[in-house]
Amino acid sequence: MVEGGIAPVDKTELTEFFRTTWKTPYILRLAMTAGIGGLLFGYDTAVISGALLYIRDDFNSVNKHTWLQELIVSTSVAGAIVGAAIGAWMNDSLGRKKSILTADVVFFLGSGVMAAAPVPLVLVLGRILVGLGVGMTSMTSPLYISETSPTRIRGTWRWMLGVGAIPPIIQFVLMLSLPESPRWLYKQNKIKEATAVLEKIYPADEVEKELELLKSSIEAAEADEASIGHNFFTKFRSAMQKTEVRRALVAGVTVQLVQQFVGINTVMYYSPTIMQLAGYASKVVALGLSLVTTGLNAVGSIVSLLFVDRYGRRRMMLVSLVFIIIGLVALSTVFYQSAQHAPMIDNYDSTHFGNNSTCIPYTSIPNTSRWNCMTCLKQSCGFCASQGDKFQPGACLVNEKEIGNMCHGQHRVWYNEGCPSKLGLFAVILLGFYIIVYSPGMGTTPWILNAEIYPLKYRGFGGGVAAMSNWTANLIVSMAFLSLTEALGSWGTFLLFAGFSFLGLIAIYFLVPETKGLPLEEIEKVLHKGFRPWPFGRNENNQNTDHGVSA
């Protein structure tokens, strides 16, 4: 009866959705209020990428220390990992409604702390609080929506950061007037209250039936819990003892790790910085271009909706990875060429720009005739481009805000992240290409696969383990990106991600089966027998798509 795949939305389902919400608008109010939680992570991710440009201007220590920039960006992810674990506990002990309200308060406090931060470490504290709120709501909002929706229709930088307090305030106020999840109420033996909520969601003639279904569902879940254990360690031990669950976990965790190690969140968190690395010194221009490229992520998600059920999860991910590798190698080539052909350093301009303004390493090295802009930036100095033609030799100077202002005062462009490049626009186009080929395959499909590959009794556990793997990989990648660009250069960093993507392509080819349109029982058979992909063997049912996995 239960299908492993997520069926495509057809006209009948859409009609049912509109009919139900028209008759019972209360359902839409429930879903939209809880759904505000989904905006929090997206807003936080988008805003920190642009705010970082201006934070560097306000705090000299942040501008000078790459590790501090990485800390500011990634601590919200670390907070989200802890917040997700806290949210899972709060969901059962306090209920869904109180969990969402608490997450809103934490996110609001974090936004306030960030907006008022007098020093970078206070900003980091605010980022941790925001991450906690994001993690808590990411665990609770989808659960609340699913449990309060009828079954038939489920399916300056300070202002930039401070305005993040608005969504949780709105959600908090609206949430106060909404009820607790009927499922949680029933589990707490509050039958009358659960019935009252169901009466607001369902027509009167369906309430009794839904109450019985709720009862049987909870009893089945409790029986499953009794058979696999109540805590993480007993569930993990039980999962490892079953071949099909173990292989499902390997496949689910693999796609989540690959999703992060192709480097996507370096683009999401650092896209304006990457634009500067590509040669766009203006913060406004860099921020604007980054919004265009990241907006393509939404376009890719729509493409996924159109094709994932037609072509399958496995094929979408493999094709996506092939084009991701092409995009990353091309990006690496462009950044390498830009570094090799960066404007040279003018010795006279560098040594006569102003008192004590010359880059110290530049003055201490006997022969600097081969120095160019990129050599200068690698010494943590800044480059003041030639007046009139930014591609002509310029000055290598101390990377201080005052020196940069002096450069601007001479109507010249100041570079301290990337160098002037004639290939900058090509880099932006390639970045857009990378995002649009990532989104429909590696962007959405790993989540779809994790929602359908596990046996029912292990679905919550398996999905949780895979999600935590994703958050952890996200933390590692976002924490390391700027350090990698310093150590390897931009071109070397993108080439490294291309290497990770190639390893991910191999891993998915050998470890991840196709789940499109397969009932859960069939998925379990494929995982248990461990069929190999072509050319190592084919599924005995002679299906058109490989279902290969290894032990």
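The rules behind each value
- Residues numbered from 1 in each chain as written.
- Predicted model: local features only at pLDDT ≥ 70, side-chain atom pairs only at ≥ 80, totals over all residues.
- Heavy atoms only, no water.
- Helix = DSSP H or I, 4+ residues; strand = E, 2+ residues; numbered from the N terminus.
- Buried < 20%, exposed > 50% of the residue type's maximum accessible area, 1.4 Å probe, protein only.
- Contact = heavy atoms within 4.5 Å.
- Salt bridge = Lys/Arg side-chain N within 4 Å of Asp/Glu carboxyl O.
- Phe/Tyr/Trp six-rings, centres within 6.5 Å; stacked < 30°, edge-to-face > 60°.
- Lys NZ or Arg CZ within 6 Å of the ring centre and 35° of its normal.
- Patch = residues over 30% accessible without salt bridge, like charges linked within 9 Å, V, L, I, M, F, W, Y side chains within 5 Å.
- Areas by Shrake-Rupley, 256 points an atom, 1.4 Å probe, with all protein chains shown as cover.
- Disulfide = S-S within 2.5 Å.
- Bend = angle between axes of the 7 residues up to and from the residue.
- Core = buried A, V, L, I, M, F, W, Y, C linked by side-chain atoms within 4.5 Å.
- Domains from an automatic or database assignment.
- 1 Å grid on protein atoms, 1.4 Å probe; cavity = no way out; pocket = protein on both sides within 12 Å on 5 of 7 lines; lining within 4 Å.
- Points joined across faces, edges and corners; volume = space filled by probe spheres on them.
- Nonpolar A, V, L, I, M, F, W, Y, C, P; charged D, E, K, R; others polar.
- Pairing = 2+ DSSP bridges.

Another point: the side chain of Thr445. Looking at the secondary structure, you find Thr445 in helix α23 (residues 445-452). Given a relative accessible area of 0%, Thr445 falls into the buried group. Among residues more than four places away in sequence, those in contact with Thr445 are Val308, Arg313, Met316, Met317 and Pro440.

This model, assessed by the stated rule, comprises four salt bridges. Here Glu417 makes a salt bridge to Arg56, at a shortest N to O gap of 3.5 Å. For the residue pair Glu417 and Arg56, the accessibility class agrees, reading buried in each case. The closest approach of N and O atoms between Glu452 and Arg313, which form a salt bridge, is 2.5 Å. Here Glu452 is found in helix α23, whereas its partner Arg313 is found in helix α17 (residues 313-340), with 139 residues between them in sequence. Here the two residues Glu452 and Arg313 agree in accessibility, since each one is buried.

Inspection of the entire model under this criterion finds eight aromatic pairs. Between the aromatic rings of Phe383 and Tyr415, the centroid separation amounts to 6.5 Å while the plane-to-plane angle is 50°, which identifies the pairing as tilted. Taken together, the positions of Phe383 in strand β1 (residues 382-384) and Tyr415 in strand β3 (residues 414-415) put the pair 32 residues apart, joining distant regions of the chain. Taking relative accessible area as the criterion, Phe383 reaches 0% and is therefore assigned buried. Accessibility expressed as a relative area gives 2% for Tyr415, which makes it buried. On the basis of an interplanar angle of 85° and a centroid distance of 5.3 Å, the ring pair of Tyr509 and Phe510 is categorised as edge-to-face. Cluster of aromatic residues (ring-pair linked, three or more members): Phe261, Phe497 and Phe500. Positioned over the ring face of Tyr509 is Arg314, at 4.9 Å from the centre of the ring.

Attention shifts here to a nonpolar patch on the surface. On the surface, Phe500, Phe502, Leu503, Ile506, Phe510 and Phe536 cluster together to form a nonpolar patch covering roughly 570 Å² of accessible area. Mapped onto the elements of the fold, Leu503 is located in helix α24 (residues 459-511).

This model, assessed by the stated rule, comprises four disulfides. A sulfur-sulfur separation of 2.1 Å characterises the disulfide bridge that pairs Cys373 with Cys419. A torsion of -95° about the S-S bond marks the disulfide between Cys373 and Cys419 as left-handed. Taken together, the residues Cys373 in helix α20 (residues 373-378) and Cys419 in the loop between β3 and α22 (424-443) connect sequence positions 46 residues apart. The two residues Cys373 and Cys419 agree in class, both being buried. Note on cysteine connectivity: Cys376 is disulfide-linked to Cys396, with sulfurs 2.2 Å apart. Its S-S torsion of approximately 95° makes the covalent link between Cys376 and Cys396 right-handed. You can see Cys376 sitting in helix α20 and its partner Cys396 sitting in strand β2 (residues 395-397), a full 20 residues away along the chain.

At Val437, α22 shows its maximal bend, which comes to roughly 25°, and the proline Pro440 appears one to four places after that position. Among the 20 residues that make up α22, 15 are buried, leaving the element largely enclosed by the rest of the structure.

So, on to the nonpolar core. One finds Ile324 and Ile508 to be the most contacted residues of the largest nonpolar core, which totals 78 residues. Counting the residues that make up this core, at least three belong to each of domain 1 (16-142 + 157-178) and domain 2 (244-342 + 421-536). When neighbours within four sequence positions are excluded, Ile508 is seen to be in contact with Thr254, Val255, Val258, Arg314, Met317, Leu318, Leu321 and Met442. Counting 14 residues, the second-largest nonpolar core is a separate cluster that includes Ile345, Trp371, Ala385 and Cys396.

To locate leftover empty space, one rolls a probe as large as a water molecule over the atoms. By volume, the second largest pocket amounts to about 720 Å³. Around the second largest pocket sit 32 residues that line it, and Leu377, Lys378, Asn416, Glu417 and Glu486 are the ones nearest its centre. When contributions to the lining of the second largest pocket are tallied by element, the ones reaching two or more residues are α4 (60-64), α5 (66-93), α15 (264-277), α17, α19 (360-364), α20 and α24. Of the residues forming the lining of the second largest pocket, the biggest block, six residues, is contributed by α24. Its residues placed into classes, the lining of the second largest pocket shows 15 nonpolar, 13 polar and four charged.

Take the environment of Ala115 next. Structurally, Ala115 is set in helix α6 (residues 96-116). Judged by relative accessible area, which is 24%, Ala115 ranks as partly exposed.

Turning our eyes to something else, we now look at the sheet that holds β2. With antiparallel pairing, the three strands of this open sheet are ordered in space as β2-β1-β3. At either margin of the open sheet sits one strand with a lone partner, and together these are β2 and β3. By the bridge criterion, two bridges tie β1 to β3 in an arrangement that is antiparallel. Note that in β3 the partner of Cys384 across the bridge is Trp414.

Next up on the list: the environment of Leu296. Mapped onto the elements, Leu296 comes out in helix α16 (residues 283-311). Residues Leu296 and Gly432, 136 residues apart in the sequence, show an inter-C-alpha distance of 6.8 Å. In this view, Leu296 contacts Gly432, Ile435 and Ile436; residues no more than four positions away in its chain are not counted.

Within the secondary structure, Ile218 sits in helix α12 (residues 204-228). With 34 residues separating them in the primary sequence, Ile218 and Trp184 have C-alpha atoms 9.5 Å apart. Not counting chain neighbours up to four residues away, the residues in contact with Ile218 comprise Arg183, Tyr186 and Lys187.

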